[in-house]
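# Architecture and fold: a report
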Amino acid sequence: MSSGEDGAGTADALVLFGATGDLAHKKIFPALYAMAKRGTLTVPVIGVACSNCNLQDLHARVRDSIAQDAVGVDDEQALDRLIDLLCYVDGDYNDAATFTALKTALGEAAHPAFYLAIPPSLFETVIEALGRADLAGGARVIVEKPFGRDLASATELNRVARSVFPEDSIFRIDHFLGKEEIMNLLYFRFANSFLEPIWNRNYVASFQITLAERFGVDGRGAFYETAGCLRDVVQNHLFQVVALLAMEPPTYRGFGALHSEKLDVFRAMRPLASGDLLRGQFVGYQDEPSVAKDSDVETFCALRLFIDSWRWAGVPWYLRSGKCLPETVTEILVELKPPPQQLFADSSPASGPANYLRFRIGPDHAIALAARVKRAGEEFIGEQRELLLLDARPDEEAPYERLIGDAIAGDGALFTRQDSVEAAWAVVEPVLAAHHPVHPYQPGTWGPKNAEKLIGSDGPWHDPVSPNTA
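Read on for an overview of the structure.

Rules used throughout
Residue positions are given per chain, counted from 1 along the sequence in the order it is written. Only residues with pLDDT of 70 or above have their local features reported here, since the model is predicted, and side-chain atom pairs are shown and tallied only from 80 upward, although totals for entire chains, interfaces and linings are computed over all residues. Computation of side-chain values: all heavy atoms of the structure, hydrogens and water removed. Here the aromatic set is Phe, Tyr and Trp, taking the six-membered ring for Trp, and pairing holds for ring centres within 6.5 Å; pairs whose planes are under 30 degrees apart are stacked, those over 60 apart are edge-to-face, and all others are tilted. Three exposure classes are used, based on accessible area relative to the maximum for each residue type with a 1.4 Å probe and protein chains only: buried under 20%, partly exposed in between, and exposed over 50%. A run of DSSP states H or I qualifies as a helix once it reaches four residues; a run of E qualifies as a strand once it reaches two. Both are numbered from the N-terminal end. Within 3.5 Å is the distance limit for a polar contact, defined as a pair of N or O atoms, with the added protein rule that one can donate a hydrogen and the other accept it, and that residues adjacent in sequence qualify only through two side-chain atoms. It only takes one pair of heavy atoms within 4.5 Å for two residues to be counted as in contact. Between any two strands, pairing holds if DSSP finds at least two bridges. Axis angles are defined between N-to-C directions and span 0 to 180 degrees, where every axis is a line fitted to C-alpha atoms and, for a helix, only to the segment in contact.

Under the defined criterion, the tally for this structure stands at 16 aromatic pairs. Residues Phe188 and Phe194 carry aromatic rings whose centres are separated by 6.1 Å and whose planes lie at 80 degrees to one another, so their mutual orientation is edge-to-face. Using a relative accessible area of 8% as the deciding quantity, one classes Phe188 as buried. On the numbers, 6.3 Å between centres and 70 degrees between planes, the contact of Phe223 with Tyr224 is edge-to-face. On the accessibility criterion, Phe223 (28% relative accessible area) is partly exposed.

Relative to the helices and strands, Arg358 is located in strand 12 (residues 356–362). Classification of Arg358 by relative accessible area gives buried; the value is 13%. A distance of 3.0 Å separates polar atoms of two side chains, one belonging to Arg358 and the other to Glu331. Setting aside residues up to four positions removed in sequence, Arg358 forms contacts with Glu331, Ile332, Leu333, Ala366, Ile367, Ala368, Glu386 and His462.

Strand order in the open sheet formed by nine strands is 14-13-12-11-7-10-9-8-15, with mixed pairing between adjacent strands. Taken across any chain shown, the strands that pair with only one partner, and hence form the sheet edges, are strand 14 (382–390) and strand 15 (439–441). Between one strand axis and the next, the sheet turns by 20 degrees as a mean value, whatever way the strands run. As paired strands, strand 12 and strand 13 (residues 366–374) are joined by five bridges and run antiparallel to one another. The partner of Leu357 across the bridge, within strand 13, is Leu369. The sheet contacts of helix 7 (residues 180–191) involve strand 11 (329–336), strand 12, strand 13 and strand 14, and relative to strand 12 the element is tilted by about 150 degrees.

On to unusual backbone geometry, then. Between Gly362 and Pro363 the backbone carries a cis peptide bond, its omega angle lying at 5 degrees. Checked against the element boundaries, Pro363 lands in the loop between strand 12 and strand 13. A cis geometry characterises the amide bond from Gly459 onward to Pro460, with omega recorded as 5 degrees.

Read from one edge to the other, the open sheet built from six strands follows the order 3-2-1-4-5-6, with strand pairing classed as parallel. Of all strands in the sheet, those with a lone pairing partner are strand 3 (86–90) and strand 6 (170–173), marking the two edges. Put simply, the sheet's adjacent strands are angled 20 degrees from each other on average, direction ignored. Note: strand 5 (residues 140–144) against strand 6, four bridges, orientation parallel. Within the sheet, the bridge partner assigned to Val143 lies in strand 6 and is Arg172. Of the strands in this sheet, strand 1 (13–17), strand 2 (45–49), strand 4 (112–116) and strand 5 are in contact with helix 1 (residues 22–38), which crosses strand 1 at around 165 degrees. Helix 5 (residues 123–132) contacts strand 1, strand 4 and strand 5 of the sheet and is inclined by roughly 160 degrees relative to strand 4.

If you want it as structure tokens, here you go:
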């Protein structure tokens, strides 16, 4: 989506705070390597960390990162080009000397992009230090989620960031928005004329969005105790998907228009009440390292959401996500209302599922339409079949590759804006503390059985099936 709103234009250096950390090792360095292979990474990359390391140590860590990635080292020349672009500054983020050394390392770079791949507790420390060191002018900052843990902390983080950088120079990165399938939701909605007449409360009965993970907390119990599923996945990832599905057409092809339409969706979301939320915890979570033995943190949540807009008034949105579920898969099911007159007995709601649209976001990609077709013979009896509209595409950009490239280029279309972050937190704020206790569920199931009560007559839940088990 072309923006024409590039602020300072293309960045001339990428500064990676947290260069020796886990996120850089698992996600960022493989993304930079992919960019080097495509020839899209041409600016210096300056790693910053407090690790008592040197440039040679960073080189070794980058090579190890690429070797351990799923793709591996398949282009030695590209890896050498990435290594050649690296510089390193070691120092404490609370020490002004670290930022003086960074200024020296930047040299003549006038428009650096500062990537904060660091714990959220250090965001404000580094942002304020960049301001004091006079490094923010003409620069941009890339902030990893979470953007706060409630409305108050998000507002404070935004206040600090805005005190140093203008809003159009703050890139709040959520890797979920960089997925090709997420971008295709936007394209599919507004590039096809057949969808718009039925994309409203008159024809859509309900939405179901499931983001399931087969794995557990994987040793990150300490983090999960401070977050939980609602904060970690629903308030950001799934709300962003809802916004793309529910938004009105932007008035022009600029990311400012896109963000404004998404903001209207967040503002139209009805704040959640305790009865709209069901929380679950997989059996065994309390035995994880750094998890309290009486923890009430949810590893699963299902919620019922309403958007009080002209287009969607009265249409329920059912969202669920969890760990230790049967599959690692993300899918959207848009159930359509049945025909107003039942000419054929086997097309009534009692005969089976209604027509639907299905969007598979991961791990494979698909858009499908379910429609009834008549069986051969004289009787008017049919069956519902899926028409597959889209399947996987080779050689697509991975989310971090796309988002880092966009941030360097100054394209903010796939990033989140301050007002949208705060509006999304306002929706979940009422249930962050005022909620019912968690319901236990066995690993390998689709969560607590009580989740069926939440969806009620709009159910049952659609359980996506991984292509590897279909």
